[in-house]
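Chain residues, written in single-letter form:
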Amino acid sequence: MTEIPERKPVFTSKPPNPSRLADGVSDAIAAALFDGRISPGEPLPPEGEIAREFGVSKPIAREALRQLTAAGLIFTQQGKVARAKALSGDSMDKIYGYAVRSSLKRLREANEMRRVVETGIARLAAERRDPEGLEIMRQGLAGMLASVQEPSGFTAADILFHLGLAVTTGNYMIRVHMESMRSVQREVSELFSRRANRSDADWRATIDRHQAIYDAIAVGNADLAEQKIREHFEAADIASLEVADKLKDAER
């Protein structure tokens, strides 16, 4: 009688790590959200159905949904199925908001991050020139012109312009990242607008810098677009930080 050789075990004898299982389920659901198989507002399958589809327990499915909720990809209500959220930079924007309001050092770091990130974005925007983004930038410029000496409106228009800059790249992930920096943009713009001696000419100079960025991108000049956005940061962000320094001194 021929002996059948003993097979090596295919699976580990230890039970799988539940958190790893939940990660796999959450990754698969997130992929469906990002590639559009589940649209914003659309309900996800019930918890039990998710568990059956992935061959996991309900607690594992529940943990996967908890991870997605914490990441801001879905929202849940007691007794109701989870629903997909529109993908945005909201979650990271909150973190940046806490950071830049915590100290002048973090505000300086955030501005440094913006300079590094947005110079690259400006180059790509000039190369791609997505029509939707160009239109959003034009709307931002119009909003700034209509909001001279009106800080809140000017700030909103400024944020819109920079969102348009990201959209002009045609890169969805860049758009989401720009959305995540709205708190940084808002803090800088509001500080800049709080200068007591800000004249109409000063407001106009800010608009002109944005117009120069737009013009360079609209004609597809990547080098000029990068140069103009660097000049904008040098003039606007550094001035804003000087204001922040003065405010800090005044509080002492």
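The structure presented is a predicted model; accordingly, all values stated were derived computationally and were not measured.

1. As for the overall build of the protein chain
Helices and strands together make up the secondary structure of the protein chain, namely 11 helices and 2 strands. Of the regular secondary structure in the protein chain, the N- to C-terminal order runs α-α-α-β-β-α-α-α-α-α-α-α-α. Looking at the protein chain as a whole, 41% of its 252 residues are labelled buried. Of the accessible surface of the protein chain, which amounts to about 14,600 Å², a share of 53% is contributed by carbon and sulfur atoms.

2. Remarks on the nonpolar core
In terms of nonpolar packing, the biggest core is built from 35 residues, with Met137, Met144, Phe161, Leu165 and Ile217 touching the most fellow members. Among the elements that make up this core, the one with the highest residue count is helix H5 (residues 104-128) (8 residues). Each residue touching Met144, except ones within four places of it in the same chain, is listed here: Phe154, Ala157, Asp158, Phe161, Ile207 and His210. Counting residues in each nonpolar core, the second largest holds 21 residues, with Leu44, Val56, Ala61 and Leu65 among its members.

3. What to know about unusual backbone geometry
Located in the positive-phi region is Arg129, a residue other than glycine, with phi close to 50°. As for its position among the elements, Arg129 is in the loop between H5 and helix H6 (131-145). According to the relative accessible area criterion, Arg129 is partly exposed, its value standing at 37%. In this structure, Gln149 takes a positive phi of about 65° despite not being glycine. Within the secondary structure layout, Gln149 lies in the loop between H6 and helix H7 (151-167).

4. Section: the confidence of the model for the protein chain
In low-pLDDT regions, the fine details of the predicted coordinates are not to be read closely. For the protein chain, per-residue confidence averages 85 on the pLDDT scale, and residues scoring 70 or more make up 83% of the total. No element of the protein chain has a lower mean pLDDT than helix H11 (residues 222-251), which averages 74, and none a higher one than H6, which averages 98. Note on residues 7-16: pLDDT under 50 across the span, and 1 contact to partners over four residues away in sequence or across chains.

5. Notes on helix H8 (residues 172-180)
When H8 is considered as a whole, its buried residues turn out to be Ile174, Val176, Met178, Glu179 and Ser180. Here H8 starts with a cap whose side-chain oxygen sits 2.9 Å from the backbone nitrogen of Met173, and that cap is Asn171.

6. Here's the deal with a nonpolar patch on the surface
Together, Phe34, Tyr172 and Met173 make up a nonpolar patch on the protein surface, roughly 330 Å² of accessible area in all. Take Phe34: it is sitting in helix H1 (residues 18-34). Residue Phe34 is classed as partly exposed on the basis of its relative accessible area of 46%.

7. Here's the deal with the pattern of salt bridges
Tallied over the entire structure, the rule returns 14 salt bridges. Between Arg175 and Glu179 there is a salt bridge whose closest N-O contact spans 3.9 Å. One end of the pair is Arg175 and the other is Glu179, both in helix H8 and 4 residues apart, which spans about a single turn. For Glu231, the salt bridge goes to Lys228, with nearest N and O atoms at 3.4 Å. Here Lys228 and Glu231 lie together in helix H11, a separation of 3 residues that amounts to about one turn.

8. What to know about the packing of H5 against H7
Taken N-terminus to C-terminus, the directions of H5 and H7 make an angle of 55°; their axes are 8 Å apart at the nearest point. When the axis of H5 is compared with that of H7, the two are oblique. Contact residues: H5 offers Arg114, Glu118, Ile121, Ala122 and Ala125, while H7 offers His162, Leu165 and Ala166.

9. Points about the environment of Ala157
Among the structural elements, Ala157 can be located in helix H7. Between the C-alpha atom of Ala157 and that of Met144, which follows or precedes it by 13 residues, the distance is 5.4 Å.

10. Details of the environment of Leu124
By the secondary structure assignment, Leu124 is in helix H5. Counting along the chain gives 101 residues from Leu124 to Ala225, while the straight-line C-alpha distance between them is 9.3 Å. Ignoring sequence-local partners within four residues, the contact set of Leu124 consists of Thr169 and Ile174.

11. Here we look at the packing of helix H4 (residues 90-102) against H8
Two elements in contact, H4 and H8, have axes whose closest approach is 7 Å; the angle formed by their N-to-C orientations is 35°. The crossing of H4 and H8 is right-handed. Counted together, Met92, Asp93 and Tyr96 of H4 and His177, Glu179 and Ser180 of H8 form the full contact between these two elements.

Calculation notes
Residues numbered from 1 in each chain as written. Predicted model: local features only at pLDDT ≥ 70, side-chain atom pairs only at ≥ 80, totals over all residues. Heavy atoms only, no water. Helix = DSSP H or I, 4+ residues; strand = E, 2+ residues; numbered from the N terminus. Buried < 20%, exposed > 50% of the residue type's maximum accessible area, 1.4 Å probe, protein only. Areas by Shrake-Rupley, 256 points an atom, 1.4 Å probe, with all protein chains shown as cover. Core = buried A, V, L, I, M, F, W, Y, C linked by side-chain atoms within 4.5 Å. Contact = heavy atoms within 4.5 Å. pLDDT = per-residue confidence, 0-100. Polar contact = N/O pair within 3.5 Å; in protein donor to acceptor, adjacent residues only side chain to side chain. Patch = residues over 30% accessible without salt bridge, like charges linked within 9 Å, V, L, I, M, F, W, Y side chains within 5 Å. Salt bridge = Lys/Arg side-chain N within 4 Å of Asp/Glu carboxyl O. Axes fitted to C-alpha atoms, helices over the stretch in contact; angles between N-to-C directions. Parallel < 35°, antiparallel > 145°, perpendicular 65-115°, else oblique. Left-handed = near helix turned anticlockwise from the far one by under 90°.

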